[in-house]
Amino acid sequence: QVQLVESGGGLVQTGGSLRLSCAASTRTSMYAMGWFRQAPGKEREFVSRISPRGGSTVYADSVKGRFSISRANARNTVYLQMNSLKSEDTAVYYCAAGPPMGMEYTYWGQGTQVTVSS
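As the structure is a prediction and not an experimental result, all values here were calculated from the model.

Caption draft 1: A look at the packing of aromatic side chains. Summed over all chains, the structure comprises 5 aromatic pairs. Ring plane angle 85° and centroid distance 5.1 Å describe the contact between phenylalanine 36 and tyrosine 105, whose orientation is recorded as edge-to-face. Residue phenylalanine 36 is located in strand 4 (residues 32–38), and its partner tyrosine 105 is located in the loop between strand 9 (91–98) and strand 10 (107–108); the two are separated by 69 residues in the primary sequence. Accessibility assignment for this pair places phenylalanine 36 and tyrosine 105 in one class, buried. Site record: aromatic cluster; members linked through ring pairs are Phe36, Phe46, Tyr105 and Trp108. Above the ring of phenylalanine 36, the side-chain terminus of arginine 44 is found at 5.9 Å from the ring centroid. A cation over an aromatic ring shows up here: arginine 44 above the ring of tryptophan 108, its NZ or CZ 3.8 Å from the ring centre.

The following block contains the structure:
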């Protein structure tokens, strides 16, 4: 069982930056890690994904060029650096862990709120 705890969310103005962290209760170096978000009244959507060793990353078109995912396996932590934030980035952000192949995720965190105000 892997427990994931997100942190780093908060209130930021348009154009600002935040860095989200996702700390795992155990080693996650064998898992692909992902970030998702869910805005009020909308379905959860994919944001980004990183391979177990960090050599491969994927981004949703909506965040490409503004967000950056990284991981520190020695600290069992995954990060999401978010720059040039827009009001449409407002959502609860979740991290998830899953098998290295495919796009399924087995473990999910509780989420952290990100609010971007104009």
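Caption draft 2: Structural detail: the pattern of salt bridges. Counting across every chain of the model gives 4 salt bridges. A salt bridge links aspartate 89 to arginine 37; its shortest N-O distance comes to 2.9 Å. Note that aspartate 89 is positioned in the loop between strand 8 (77–82) and strand 9 and arginine 37 in strand 4, a separation of 52 residues in sequence. Here aspartate 89 and arginine 37 have matching classes, each one buried. Note that lysine 64 and aspartate 61 form a salt bridge whose closest N and O atoms lie 3.1 Å from each other. Counted as one network, the salt bridges with shared partners bring together Arg37, Glu45, Arg66 and Asp89.

Caption draft 3: Inspection of the nonpolar core at higher detail. Formed by 29 residues in total, the largest nonpolar core has its most connected members in Leu4, Met33, Trp35, Phe67, Leu80, Met82 and Tyr93. Counting residues per element, the ones that place at least two in this core are strand 3 (18–24), strand 4, strand 5 (45–50), strand 7 (67–72), strand 8, strand 9 and strand 11 (112–117). Non-local contacts of tyrosine 93, meaning those with residues more than four positions away in its chain, are made with Glu6, Leu20, Trp35, Phe36, Arg37, Val47, Phe67, Leu80, Met82, Gly111, Thr112 and Val114.

Caption draft 4: Region of the structure containing unusual backbone geometry. A positive phi angle is found at asparagine 76, which is not glycine, with a value near 55°. Summarising the element assignment, asparagine 76 is placed in the loop between strand 7 and strand 8. Residue serine 84 is not a glycine yet carries a positive backbone phi of 50°. Checked against the element boundaries, serine 84 lands in the loop between strand 8 and strand 9.

Conventions used here
Residues numbered from 1 in each chain as written. Predicted model: local features only at pLDDT ≥ 70, side-chain atom pairs only at ≥ 80, totals over all residues. Heavy atoms only, no water. Phe/Tyr/Trp six-rings, centres within 6.5 Å; stacked < 30°, edge-to-face > 60°. Helix = DSSP H or I, 4+ residues; strand = E, 2+ residues; numbered from the N terminus. Buried < 20%, exposed > 50% of the residue type's maximum accessible area, 1.4 Å probe, protein only. Lys NZ or Arg CZ within 6 Å of the ring centre and 35° of its normal. Salt bridge = Lys/Arg side-chain N within 4 Å of Asp/Glu carboxyl O. Core = buried A, V, L, I, M, F, W, Y, C linked by side-chain atoms within 4.5 Å. Contact = heavy atoms within 4.5 Å.

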